[in-house]
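Residue-level structure breakdown
Residue-level listing of the chains:
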Amino acid sequence: MAGADELLRVPNHHKQCGPEVETRSGRYVGYFENRHGEQLVFVYDRGDAAATLYHGDNDWEPVEVIDGRQTELILDDAELLWL
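Residues numbered from 1 in each chain as written. Predicted model: local features only at pLDDT ≥ 70, side-chain atom pairs only at ≥ 80, totals over all residues. Heavy atoms only, no water.

To continue, consider the sheet that holds strand β1 (residues 27-33). Judged by pairing direction, the sheet is antiparallel, and its four strands sit side by side in the order β1-β2-β3-β4 without closing on themselves. Both edges of this open sheet fall to β1 and β4 (62-65), since each of them pairs with a single strand only. Strand-to-strand, the axes of this sheet are offset by a mean angle of 20 degrees, without reference to chain direction. Summarising the sheet, strand β2 (residues 39-45) and strand β3 (residues 51-55) pair through four bridges and their orientation is antiparallel. Across the sheet, Val41 pairs through a bridge with Tyr54, a residue of β3. (Pairing = 2+ DSSP bridges. Helix = DSSP H or I, 4+ residues; strand = E, 2+ residues; numbered from the N terminus. Axes fitted to C-alpha atoms, helices over the stretch in contact; angles between N-to-C directions.)

Set out below in structure tokens:
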């Protein structure tokens, strides 16, 4: 359970070390888990041209996202809608 000063704590379902995402003012962090239990984390600093997407099934490697689009991963319909 998250502590009083935490909004969300998410366990890592993947064997690889996950990204360390720092929360701070001006940063949007989104979380999605697909129907297979694969986890995705979206990080965007307001004012930046690009965001970063981490996908547990992609060994948590960072993927650049611009205008809601990325070219490195094959995402299913639910993942694309979330992104």
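It is worth spelling out the side chain of His55 at this point. Among the secondary structure elements, His55 is positioned in strand β3. The exposure class of His55 is buried, given its relative accessible area of 5%. Discounting chain neighbours no more than four positions away, the residues touching His55 are Glu38, Gln39, Leu40, Trp60, Leu73, Leu75 and Glu79. (Buried < 20%, exposed > 50% of the residue type's maximum accessible area, 1.4 Å probe, protein only. Contact = heavy atoms within 4.5 Å.)

Here we come to the nonpolar core. If you look at the biggest cluster of nonpolar residues, it comprises ten residues: Phe32, Leu40, Phe42, Ala51, Leu53, Val63, Val65, Leu73, Leu75 and Leu83. Among the elements of the structure, β2, β3 and β4 are those that each provide at least two residues to this core. Here Leu53 is in contact with Leu40, Val41, Phe42, Glu61, Pro62, Val63, Val65, Gln70, Leu73, Leu75, Trp82 and Leu83, once residues within four sequence places are set aside. (Core = buried A, V, L, I, M, F, W, Y, C linked by side-chain atoms within 4.5 Å.)

A few words on the pattern of salt bridges. Side chains that differ in charge, positive against negative, can pair when their charged atoms come close. Overall, the coordinates contain three salt bridges when judged by the stated rule. Ionic pairing is found between Arg24 and Glu22, a salt bridge with its closest N-O pair at 3.8 Å. Taking the relative accessible area as the measure of exposure, Arg24 reaches 40% and is therefore partly exposed. Through salt bridges with shared partners, a single ionic network connects Glu22, Arg24, Arg27 and Asp45. (Salt bridge = Lys/Arg side-chain N within 4 Å of Asp/Glu carboxyl O.)

Note that all results are geometric; they support no functional claim without further evidence.
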